[in-house]
Amino acid sequence: MERLTLWAPRVLSLLRIIAALLFMEHGLMKLFHFPGPQPGAPDPLPPMLVAAAWLEIVGGALLVLGLFTRPVAFVLSGQMAVAYFLAHFSQGFWPALNGGEAAILFCFVFLYLVFAGPGEWSVDAQLRKRL
């Protein structure tokens, strides 16, 4: 088990990078229809969804790099909590039935990053080493 512990900072980085890339995809689908349009998104997007899309793209990119990880993850965790209660909870209590599973999962992965930090493979970690 000790060998697994040695890999924890690297696996944390992988979790951050993969979650951020998946998160960015939602923003790219909303704004640029890449890799395709987001199912169910209105056209044109209301201002709140435009703001959410930019948070997903820019915040996701910062998390991929591991730059300003803790504050960015805090903002994105809050965004996903708000998204869940505004868009999903009103559709029913159960996340598997109201389409809110991804929002909850992103919310808590990002909340975890607020406390755990970015991991070993990040700009934040490289900047800490220089100081």
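These remarks concern the structure in this document. Only a predicted model underlies this, so the values are computations on that prediction, with no experimental measurement involved. (Residues numbered from 1 in each chain as written. Predicted model: local features only at pLDDT ≥ 70, side-chain atom pairs only at ≥ 80, totals over all residues. Heavy atoms only, no water.)

## Quick look at a nonpolar patch on the surface
Alright, step 1. Where nonpolar side chains cluster on the molecular surface, the patch consists of Leu-6, Trp-7, Val-11, Leu-14 and Trp-121 and spans about 540 Å² of accessible area.
Alright, step 2. With respect to the helices, strands and loops of the structure, Leu-14 is situated in helix α1 (residues 2–32). (Patch = residues over 30% accessible without salt bridge, like charges linked within 9 Å, V, L, I, M, F, W, Y side chains within 5 Å. Areas by Shrake-Rupley, 256 points an atom, 1.4 Å probe, with all protein chains shown as cover. Salt bridge = Lys/Arg side-chain N within 4 Å of Asp/Glu carboxyl O. Helix = DSSP H or I, 4+ residues; strand = E, 2+ residues; numbered from the N terminus.)

## Comments concerning α1
Alright, step 1. Helix length check: α1, at 31 residues, gives a terminal C-alpha distance of 45 Å against a target of 45 Å (1.5 Å per residue), a fit within 8%.
Alright, step 2. Its maximal kink placed at Ala-8, α1 deviates by approximately 45 degrees, while the proline Pro-9 follows within four residues.
Alright, step 3. Those residues of α1 not exposed but buried are Leu-12, Ser-13, Arg-16, Ala-19, Ala-20, Phe-23, Met-24, Gly-27, Met-29 and Lys-30.
Alright, step 4. Those residues of α1 that are buried are in contact with α2 (47–65), α3 (69–88) and α5 (101–116).
Alright, step 5. Residue His-33 follows α1 closely and has a positive phi angle near 55 degrees. (Expected span 1.5 Å × (residues − 1). Bend = angle between axes of the 7 residues up to and from the residue. Buried < 20%, exposed > 50% of the residue type's maximum accessible area, 1.4 Å probe, protein only. Contact = heavy atoms within 4.5 Å.)

## Comments concerning the packing of aromatic side chains
Alright, step 1. Applying the stated criterion to the full structure yields nine aromatic pairs.
Alright, step 2. Where Phe-23 meets Phe-106, the ring centres are 5.0 Å apart and the plane angle is 65 degrees; that geometry is what we call edge-to-face. Separated by 83 residues along the polypeptide, Phe-23 in helix α1 and Phe-106 in helix α5 bring together distant segments of the chain.
Alright, step 3. Taken together, a centroid distance of 5.7 Å and an interplanar angle of 20 degrees make the contact between Phe-106 and Phe-110 stacked. Placement of both Phe-106 and Phe-110 in helix α5 is noted, with a separation of four residues, approximately one turn of the helix.
Alright, step 4. For Phe-106, a relative accessible area of 11% translates into the label buried.
Alright, step 5. The rings of Tyr-84, Phe-85, Phe-89, Phe-93 and Trp-94 are connected pair by pair, giving a single aromatic cluster.
Alright, step 6. Lying across the ring of Trp-7, Arg-10 places its NZ or CZ 4.7 Å from the centre. (Phe/Tyr/Trp six-rings, centres within 6.5 Å; stacked < 30°, edge-to-face > 60°. Lys NZ or Arg CZ within 6 Å of the ring centre and 35° of its normal.)

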